[in-house]
Amino acid sequence: RLYNPGRSFVAFVVAILALVAAAFPEAGLWPWWLLASIAAIAALLPMLFLVIDRVPARYIARYPYVALIALLWIPIRIGSRIVSSWRRTPHRG
C-alpha cells in the first residue's frame, strides 16, 4: 500500500521550508514568499470546496480555527513520544 501524505502535512512541510528560505536566503530554495503562498493555498483550499458545496458561511468561517487546532496535535504527538508520563490520568475508584 502506498503512503500518501495528507494535505495538512504537505502544507506544514512547505511552511517549514518557507521559514528556512526566509532565514537562509543562500540555501538555494524558492523565495520564501512563494513557499508561504503555496503553504497557505494548500491549507485553505478546502474552504473553496465548502463554498462550492454550499456549506453555510458560519462553518466556512470556522475552518481556519479548526485547522489550527488540528495543527496543534503535531507538538502534542511529538511530546507524548518523548515524555512517557503524558499517557493518561490514572483513576482509582
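Just so we're clear, the structure is a prediction, and the values are computed from it rather than from any experiment.

Undergrad: Just checking my understanding: could you explain the overall build of the protein chain for this structure?
TA: When helices and strands are counted, the protein chain shows four helices and zero strands. Order of helices (α) and strands (β) in the protein chain, N terminus to C terminus: α-α-α-α. Each of the 93 residues in the protein chain was classed as buried or not, and the buried ones make up 12%. Within the protein chain, contacts between residues at least 6 apart in sequence are counted, and of these 31% link residues at least 24 apart.

Undergrad: I tried to follow the layout of surface pockets on my own but got confused; where do I start?
TA: Unoccupied space between atoms shows up once a probe the size of one water molecule is rolled over them. Estimated volume of the largest pocket: approximately 420 Å³. If you list the elements that add at least two residues to the lining of the largest pocket, you get α1 (7-23), α2 (32-52), α3 (57-71) and α4 (73-82). Here the residues of the lining of the largest pocket are counted per class, giving 16 nonpolar, one polar and two charged.

Undergrad: How should the confidence of the model for the protein chain be read in this particular structure?
TA: Fine structural detail should not be taken from predicted coordinates in areas where pLDDT scores are low. Looking at the protein chain, the pLDDT average stands at 85 and 88% of residues meet or exceed 70. By mean pLDDT, α4 is the weakest element of the protein chain at 77, and α2 is the strongest at 92.

Reading the values: rules and limits
- Residues numbered from 1 in each chain as written.
- Predicted model: local features only at pLDDT ≥ 70, side-chain atom pairs only at ≥ 80, totals over all residues.
- Heavy atoms only, no water.
- Helix = DSSP H or I, 4+ residues; strand = E, 2+ residues; numbered from the N terminus.
- Buried < 20%, exposed > 50% of the residue type's maximum accessible area, 1.4 Å probe, protein only.
- Contact = heavy atoms within 4.5 Å.
- 1 Å grid on protein atoms, 1.4 Å probe; cavity = no way out; pocket = protein on both sides within 12 Å on 5 of 7 lines; lining within 4 Å.
- Points joined across faces, edges and corners; volume = space filled by probe spheres on them.
- Nonpolar A, V, L, I, M, F, W, Y, C, P; charged D, E, K, R; others polar.
- pLDDT = per-residue confidence, 0-100.

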